[in-house]
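Here's the letter readout for the chains.
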Amino acid sequence: MRSCAFGVSVTGPRHLDLTEPNQDAMGLNGWRGGWLAAVADGLGSRPRSAVGSRRACQVTRRVLRSYPPGDPLSGALRSIHEQWLEEIAPTPPEDAATTLLLASVTAQGDVRAAQMGDGLLLMRCAGEFRCITPERAAFGNQTSALESEHRPDGWATAEGRFTQAGDGVLLISDGVADDLDSKHLPEFLEALYQDLAGRSRRNGRRWLRAELEDWATPMHSDDKTLVAVFRT
């Protein structure tokens, strides 16, 4: 399968003004002819959220690289949580709480993805668009997150196969997701594919970074992260 992949995380204007670190993190790595991707958004109210999000992406890459492709994804999610707790120690989990979106794409186009907490997880397989993110049930800025206990029911998961050009998966933090019209998400995925598919890895990252840094929504302040993997 021919594919392309791009990922960028930019610090939001509010954190820049306060000289605070980006609380989002991302990982995007080639893997056996395919890709491993992760996006994490540390909860802004937690003092060590930036550490939690970075460690979540690092652990996700390590677990997915060694996890048998045929085994249920639930086992990998449990391992990610267990290793995340080890990596953030001695920081209390509640101080480093973070959301997490992840995806693995094999060289043959098989994709598995999961989401804990806010953001958007979008897929297109065999030309069919799917929004994996469940509708938000919590009030205000409440969200599920990696914390002290593993919560299998807090994960939304999906599997599929990329069979044609334009099939892909998007992992998007809420700094971007909250500004997208849910009725136009299929068009958003298609527009990204059209803008990125013909670009080199470096050029694509540069273009995507410029888009996120010059985000069109007035008064935007949050960190912004987006990872895209497409079959070309």
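The paragraphs below set out a description of the structure included in this document.

**What to know about the pairing of strand 3 (residues 34-42)**
Okay, step 1: Most of strand 3 sits inside the fold, with nine of its nine residues counted as buried.
Okay, step 2: The two faces of strand 3 match: Gly34, Leu36, Ala38, Ala40 and Gly42 on one face and Trp35, Ala37, Val39 and Asp41 on the other face are all buried.
Okay, step 3: As paired strands, strand 2 (residues 24-31) and strand 3 are joined by eight bridges and run antiparallel to one another. By the bridge assignment, Asn29 is partnered in strand 3 with Leu36.
Okay, step 4: Counting the residues between successive antiparallel strands, the hairpin from strand 2 to strand 3 contains two residues, one of them, Arg32, with a positive phi of roughly 50°.
Okay, step 5: As paired strands, strand 3 and strand 4 (residues 98-105) are joined by eight bridges and run antiparallel to one another. In the strand pairing of strand 4, Ala40 is matched with Leu100.

**Remarks on the pattern of salt bridges**
Okay, step 1: Counting across every chain of the model gives six salt bridges.
Okay, step 2: In this structure, the salt-bridge partner of Glu87 is Arg62, at a minimum N-O distance of 3.3 Å. Placement of the pair is Glu87 in helix 3 (residues 73-88) and Arg62 in helix 2 (residues 49-66), with a sequence separation of 25 residues.
Okay, step 3: Measuring nitrogen to oxygen at the nearest pair gives 3.7 Å for the salt bridge that ties Asp153 to Arg151.
Okay, step 4: Take Asp153: its relative accessible area is 65%, and that puts it in the exposed class.

**So, the sheet that holds strand 8 (residues 155-161)**
Okay, step 1: Within the open sheet, the five strands sit side by side as 2-3-4-5-8. Their pairing is antiparallel. Only two strands of the sheet have a single partner each, and these edge strands are strand 2 and strand 8. Across the sheet, the mean angle separating the axes of adjacent strands is 10° when strand polarity is ignored.

**Structural notes on the sheet that holds strand 6 (residues 120-125)**
Okay, step 1: Read across the open sheet, the five strands follow the order 1-10-9-6-7; overall the sheet is antiparallel. Two strands close off the open sheet at either side, each with one partner strand: strand 1 (3-10) and strand 7 (128-131). With direction set aside, neighbouring strand axes in the sheet form an average angle of 5°.
Okay, step 2: Pairing geometry for strand 6 and strand 9 (residues 168-172), over five bridges, is antiparallel. Pairing of Leu121 across the sheet is with Leu171, part of strand 9.
Okay, step 3: Across the sheet, helix 5 (residues 185-196) lies against strand 1, strand 6, strand 7, strand 9 and strand 10 (224-231), angled at about 75° from strand 10, the strand it touches most.
Okay, step 4: Each of strand 1 and strand 10 is contacted by helix 6 (residues 201-213), which is oriented at about 35° to strand 1, the strand it contacts most.

Parameters and conventions
- Residues numbered from 1 in each chain as written.
- Predicted model: local features only at pLDDT ≥ 70, side-chain atom pairs only at ≥ 80, totals over all residues.
- Heavy atoms only, no water.
- Buried < 20%, exposed > 50% of the residue type's maximum accessible area, 1.4 Å probe, protein only.
- Helix = DSSP H or I, 4+ residues; strand = E, 2+ residues; numbered from the N terminus.
- Pairing = 2+ DSSP bridges.
- Salt bridge = Lys/Arg side-chain N within 4 Å of Asp/Glu carboxyl O.
- Axes fitted to C-alpha atoms, helices over the stretch in contact; angles between N-to-C directions.
- Contact = heavy atoms within 4.5 Å.

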